[in-house]
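Observations on chain architecture
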Amino acid sequence: MPAKVVVAAVLGTVLEWYDFAIYAALAVVIGRLFFPASTPTTSLLIALATYAVGFVCRPLGAIVFGRLGDRAGRRGMLAITMVVVGAASLLIGLLPTYASVGMLAPALLVALRMAQGLAVGAEWTGGATFLLEHARTGRRGLFGGILQAATVAGFLLGTGVAALIVHVVPDAVVDAWAWRIPFFAGGVVAAIGLFVRLRLDESPAFLRLRAAHEPAHEPDDDPTNTDTRRNWLLLFGIVFGLTLYGYTATSFPAFLSGVTGLPLADALTTNVIALAIEVPLIVLAGAASDRFGRKPLMVGAVAVFVVATIPIFLLVTTSGFVGVLLGQVLFVALYATVSGPSAAMYTELFPTRVRSSAFSSAYNLSIALFGGTAPFVNTFLATRIGTAVAPAYYLTFGALVSLALLLVTRDRHAEELR
C-alpha cells in the first residue's frame, strides 16, 4: 500500500468530519450568532436543523461524483471534492453574523452547508473505494479501519479545537471572532490534501477495468444487477441504525449542554477523551475483521447496543463528569467494534464498475435521512417528551433494524474484490 494513498484518503476523511464536528461542537454558539431566538434551546434546535441541511445534498453529490468516479476515475473525483469542502469551510469562517446583515447571514450559512454536503456525498465513500482498491485481500479490514478511525480523528480534532477555544477564550471573544478560527484551519487542511491527491496514481482495480474495456456500469441484462440492487438495499438499511449511533457519539456535547445543562466545556472535554479512546479501537476492530470476518464483530456489537443503549443514556444524562465520561467511553467502544469492519464490508458488497456510485448513493442517502438529522431528533425527543433518555428508544429501534439486515448480509472478507 503506497503511503501517499493512505495519506490522501485519510486527509480528506479527516477534513470532511472535522468540518461537521466543529459545526456540531459550536452549535450553541452558532445558534445564538446566526439564529437568535426567544430561548437558547430554540436557537440550538434551529442550528442543529441547519446541521442536518448540510446532509440534504449528500445523495445528489453521491450520484454525481460517484458516477464520475466510476466513469472517469477515482483520483480526479477526490481532487474535486477536496476543493469544494475546503473552500466552503474557509467561506463559513468569513461569514458575517445575523447582527451585521440580518437574514442574509443564515441564508449564506445554509448555502455553504449545502455545498459542503454536495461534495462530501462522495468524499468518504470515494476515499474508501480508492484506498481499499489498493489493498490486498486479508488487509482490507485493517485499511478500512484506518479510514474509519480517520472519521473519528476528524471529529476529535474538530471537537478538540472547539473545546480548546471554549476553555481558553472568554465567551464574549468566542462570539466576536474566535469561533471562526476552526473554519479557517479547515481551509488549510484542504490545501494540503489537494496537493497530495493531485500526485496520486489511479487505483489498480479501476485501471484493470479500463484496460479490459468493460462498461463503467452493468447493462440491464447483466445477472449481477440483482445482487447489486439487493446489496444496495441492505447497505441503506444497515447504515440507518449505525449512523444514528455514529452521529449521536459525535454530537454528545451539544446534546448534553443543551438538554441536561452540563457546562459546554465539560461536555466537550468528556467527548474528546471518549473519541480519543475510540480511534485505536476502530483500527483494532478493522484488523480483527480480516481474521475473524466482518459479520461476527458487527453483529455482536449491534446486539449489545440493543440491550445497552438505554442504560448508557441513563448514565450519561443523570451523572456528573465521571459518569458522563464513563457512559460515552462505553458507547464509543461498542461503536468502534461496529465501525472498524464497516468500510471494508460496504466496499466488498459491489463490483468495481459500479462500486463508487452504488456505495456512495446507498450510504449517503441513508446518512442524509437519518445521520444528519440524528442530533436534531435526539434533542427534539428529549425536550418534547421531557426526559433526556428519550433518544435511546430511537437508537435502539435503529439497532434492531441494522442487526436484522446484518444477519442476512454475505461476509466477503476472504474474497478478492470483484
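Attention here is on the structure that accompanies the text.

1. Some details on the overall build of the chain
- Of regular secondary structure, the chain possesses 20 helices and 0 strands.
- In terms of overall size, the chain behaves like a compact globule, its C-alpha atoms giving a radius of gyration of 20 Å where 418 residues would be expected to give roughly 22 Å.
- In terms of overall dimensions, the chain has a C-alpha envelope of 60 × 45 × 35 Å along the principal axes.
- Scored against the burial criterion, the 418 residues of the chain give a buried share of 60%.
- Surface summary for the chain: the accessible area is close to 14900 Å², and the carbon and sulfur share equals 71%.
- With 27 positive and 22 negative side-chain charges, the chain shows a spacing of 1 Å between the two charge centroids.

2. Some words on a nonpolar patch on the surface
- A surface patch of nonpolar side chains, about 500 Å² in accessible area, is lined by I273, I277, L281, L284, F321 and V322.
- Ranked by residue count, the leading element in the nonpolar patch is helix α15 (residues 264–292), at 4 residues.
- Overall, L284 belongs to the exposed group, its relative accessible area being 58%.

3. Considering the pattern of salt bridges
- If you walk through the whole model with that rule in mind, you get 11 salt bridges.
- Put simply, R32 and D175 hold a salt bridge, and the shortest N to O gap is 2.9 Å. Residue R32 is located in helix α2 (residues 27–34), and its partner D175 is located in helix α10 (residues 171–176); the two are separated by 143 residues in the primary sequence.
- On the basis of relative accessible area, D175 is assigned to the partly exposed category, the value being 22%.

4. Considering the nonpolar core
- In this structure, W124, L235, F313, F331, Y346 and F359 are the most contacted members of the largest nonpolar core, which totals 90 residues.
- Broken down by element, the residue count for this core peaks at 11 residues, all from helix α17 (residues 321–348).

5. What about the packing of helix α9 (residues 140–168) against α17?
- Orientation of α9 relative to α17, taken along the N-to-C sense of each, is 115°, at an axis distance of 7 Å. Seen along the crossing, α9 lies across α17 with a hand that is right-handed. Facing R140, G141, G144, G145 and Q148 of α9, the residues of α17 in contact are S339, G340, S342, A343, A344 and E348.
- Considered class by class, the residues forming the contact of α9 with α17 number 2 nonpolar, 7 polar and 2 charged.

6. Considerations on helix α7 (residues 104–120)
- Spanning 17 residues, α7 covers 24 Å between terminal C-alpha atoms, matching the ideal 24 Å at 1.5 Å per step.
- If you check which residues of α7 are buried, you get A105, P106, L109, L112, R113, Q116, G117, A119 and V120. End-on, the buried residues of α7 take up no more than an arc of 165°, which puts them together on one face.

7. What to know about the side chain of S366
- By secondary structure assignment, the location of S366 is in helix α18 (residues 352–371).
- Contact partners of S366, with chain neighbours within four places excluded, come to F236, V239, F240, T243 and G371.

8. Concerning the packing of aromatic side chains
- Overall, the coordinates contain 16 aromatic pairs when judged by the stated rule.
- Between the aromatic rings of F34 and W179, the centroid separation amounts to 5.6 Å while the plane-to-plane angle is 90°, which identifies the pairing as edge-to-face. Here F34, found in helix α2, pairs with W179, found in the loop between α10 and α11 (181–197); they are 145 residues apart in sequence, far enough to count as distant.
- The exposure class assigned to W179 is buried, which follows from its relative accessible area of 2%.
- Measuring from ring centre to ring centre gives 6.2 Å for Y346 and Y363, while their planes differ by 50°; the resulting arrangement is tilted. On the criterion of sequence distance, the pair formed by Y346 in helix α17 and Y363 in helix α18 is long-range, its members being 17 residues apart. Y363 carries the same exposure label as Y346, and that label is buried.
- An aromatic cluster of three or more residues is present, and its members are W232, F236, F240, F370 and F397.

9. A closer look at the packing of helix α1 (residues 3–25) against α11
- Interhelical geometry of α1 versus α11 gives an angle of 160° and a closest axis separation of 9 Å. Classed by the angle they form, the pair α1 and α11 counts as roughly antiparallel. Here α1 and α11 pass one another in a crossing that is left-handed. Where α1 approaches α11, its residues K4, V7, A8, A9, L11, G12, T13, L15, Y18 and I22 are matched on the opposing element by P182, F183, A185, G186, V189, A190, I192, G193, V196 and R197.
- Grouping the constituent residues of the contact of α1 with α11 by class yields 14 nonpolar, 4 polar and 2 charged.

10. What about the environment of L264?
- Relative to the helices and strands, L264 is located in helix α15.
- On a C-alpha basis, the gap between L264 and A119 in space is 30 Å, while along the polypeptide they are 145 residues apart.
- Residues in contact with L264, not counting those within four places in the same chain, are A25, V166, P253 and S257.

What counts and how
- Residues numbered from 1 in each chain as written.
- Predicted model: local features only at pLDDT ≥ 70, side-chain atom pairs only at ≥ 80, totals over all residues.
- Heavy atoms only, no water.
- Helix = DSSP H or I, 4+ residues; strand = E, 2+ residues; numbered from the N terminus.
- Rg over C-alpha atoms; globule rule 2.2 N^0.38 Å.
- Buried < 20%, exposed > 50% of the residue type's maximum accessible area, 1.4 Å probe, protein only.
- Areas by Shrake-Rupley, 256 points an atom, 1.4 Å probe, with all protein chains shown as cover.
- Lys, Arg positive; Asp, Glu negative; His and termini not counted.
- Charge placed at Lys NZ, Arg CZ, Asp CG, Glu CD.
- Patch = residues over 30% accessible without salt bridge, like charges linked within 9 Å, V, L, I, M, F, W, Y side chains within 5 Å.
- Salt bridge = Lys/Arg side-chain N within 4 Å of Asp/Glu carboxyl O.
- Core = buried A, V, L, I, M, F, W, Y, C linked by side-chain atoms within 4.5 Å.
- Axes fitted to C-alpha atoms, helices over the stretch in contact; angles between N-to-C directions.
- Left-handed = near helix turned anticlockwise from the far one by under 90°.
- Contact = heavy atoms within 4.5 Å.
- Nonpolar A, V, L, I, M, F, W, Y, C, P; charged D, E, K, R; others polar.
- Expected span 1.5 Å × (residues − 1).
- Arc of directions from axis to C-beta.
- Phe/Tyr/Trp six-rings, centres within 6.5 Å; stacked < 30°, edge-to-face > 60°.
- Parallel < 35°, antiparallel > 145°, perpendicular 65-115°, else oblique.

What is shown is where atoms sit, not what they do.
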